[in-house]
Amino acid sequence: MDRYLVKPGKPLNLNLWDPNDKSLFPISKKEGKKKLRELNQELEALQELLFAEGKHKVLIVLQAMDTGGKDGTIRHVFEGVNPQGVKVAGFKVPTSKELAHDYLWRVHKHTPGKGEIVIFNRSHYEDVLVVRVHNLVPEEIWSRRYEHIRAFEKTLAEEGTTILKFYLHINREEQKKRLQARLDEPHKNWKFSQGDLAERALWDQYQAAYEDALIKTSTDNAPWYIIPANRKWYRNLVVSTIIINKLKSLKMAYPEPEEGLEGIVIE
Ligand code: ADP
């Protein structure tokens, strides 16, 4: 899995990362979908263990360009997992109340408690992405945020949160196809807004902002993974596998049963 890991401090050029790569699972789409069903069961069991043990907190951050597949990833990777143990927090344009606070305020209160998995659908990274690209605050303000974010995530990690961050990497051609499909297929029309075209025109600026964010905030405690995401089935397999491997490495165990349970028969 390390091939998709952003190594802290190394230069990064997203153009050199192949969004069509499928080298980790060189299989067909059909086989990939079957494999994901197996992984879904494995994740379901691990999530139950995480909840039962009640010790670890898991935070998963999802970021992507528009149409990159954040919603689909959540739907498919967590299919079959008990909804009581997983929460999704989405971050849209901040409200006036949110804007009256520092940018981490709205985020911190959604971080996971013990036994919980929380998925961030967008996150505090918007504050160095859309905010930077659209000059919503001056550079002297956003440029300090990488350091805040590293410190924030370090705090969470040192207080017992396991953090995994995924950038779902598609290319411009794939976005074109996906946006066109939103126009051509009536049941997808609701997903299209004309604002998407203005954002698409800023592709290069967004990619540059992503490169900076990924390099500056991929740390041992809160690593970024760049997931090849042109193929949805492959993207799901890689994200699922990274989460499963991480959960396994936590060496979780069911709590000891109460004493004196042997021999109890329910009347
Ligand atoms: P999504 O694309 O995640 O399904 P929307 O289409 O409602 O959901 O998009 C949410 C919008 O909110 C995005 O355009 C995103 O850039 C914007 N947004 C999120 N966080 C911030 C922020 N901190 N400042 C400004 N805009 C933000």
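That block above? That's the structure.
Note on numbering: residues in each chain are counted from 1, in written sequence order. Local features in this predicted model are restricted to residues whose pLDDT is 70 or higher, and side-chain atom pairs enter the listing and the counts only when it is 80 or higher, whereas totals over whole chains, interfaces and linings include all residues. Side-chain measures were taken over the full set of non-hydrogen atoms in the model, leaving aside hydrogen atoms and water.

Caption draft 1: A look at the packing of helix α7 (residues 145-158) against helix α10 (residues 203-217). At their nearest, the axes of α7 and α10 sit 10 Å apart, and the two run at 45° to each other. It follows from the interaxial angle that α7 and α10 lie oblique. Here α7 and α10 pass one another in a crossing that is right-handed. Together, Tyr146, Ile149, Arg150 and Glu153 of α7 and Asp212, Ala213, Lys216 and Thr217 of α10 make up the contact between the two elements. By the convention adopted, Pro, Cys, Tyr, Trp, Phe, Met, Ile, Leu, Val and Ala count as nonpolar, Lys, Arg, Asp and Glu as charged, and the other residues, Gly among them, as polar. Considered class by class, the residues forming the contact of α7 with α10 number 3 nonpolar, 1 polar and 4 charged. The axes used here are C-alpha line fits, helices contributing only the stretch in contact, and every angle between their N-to-C directions lies in the interval 0 to 180 degrees. Helix and strand assignments follow DSSP, with helices taken as H or I runs no shorter than four residues and strands as E runs no shorter than two, numbered in order from the N terminus. Angles below 35 degrees are treated as roughly parallel, those above 145 as roughly antiparallel, those between 65 and 115 as roughly perpendicular, and all remaining angles as oblique. In this scheme the crossing of two helices becomes right-handed for a clockwise turn of the near helix relative to the far one and left-handed for an anticlockwise turn of less than a right angle. Only heavy atoms matter for contacts: two residues are in contact if any of them lie within 4.5 Å across the pair.

Caption draft 2: Quick peek at the site of the ligand. Around the ligand, a shell composed of 13 residues is seen, among which Lys70, Lys92, Val93, Arg106 and Arg122 lie nearest. By the criterion applied in these results, polar contacts are pairs of N or O atoms within 3.5 Å in which, for protein atoms, one can donate a hydrogen and the other can accept it, and in which residues neighboring in sequence qualify only through two side-chain atoms. Contacts to the ligand include lysine 92, whose side-chain N or O atom sits 3.1 Å from an oxygen atom. Here an oxygen atom of the ligand sits 3.1 Å away from a polar atom, N or O, in the side chain of glutamate 126. With the chains in place, 71% of the 580 Å² that the ligand exposes on its own is no longer accessible. Elements supplying a minimum of two residues to the shell around the ligand: α2 (70-77) and α5 (130-133). Residues of the shell around the ligand, tallied by class, amount to 6 nonpolar, no polar and 7 charged. We call a residue near a molecule or strand when any one of its heavy atoms sits within 4 Å of it. Methods summary: accessible areas were calculated by the Shrake-Rupley approach with a probe of 1.4 Å, and residue burial reflects only the protein chains presented.

Caption draft 3: Structural detail: α2. Note on exposure labels: buried denotes an accessible area under 20% of the residue type's maximum, exposed denotes more than 50%, and partly exposed covers the range between, all computed with a 1.4 Å probe on protein chains only. Every buried residue of α2 is listed here: Lys70, Gly72, Thr73, Ile74 and Val77. Residues of α2 that are buried in the fold lie against α1 (29-53), β1 (57-64), β2 (86-90), β3 (117-121), β4 (161-169) and α11 (232-249).

Caption draft 4: Molecular detail of unusual backbone geometry. Backbone geometry at threonine 67 places phi at a positive 70°, although glycine is not the residue there. Summarising the element assignment, threonine 67 is placed in the loop between β1 and α2. A positive phi angle, near 70°, is found at arginine 122, a position not held by glycine. Summarising the element assignment, arginine 122 is placed in the loop between β3 and α5. Judged by its relative accessible area of 23%, arginine 122 is partly exposed.

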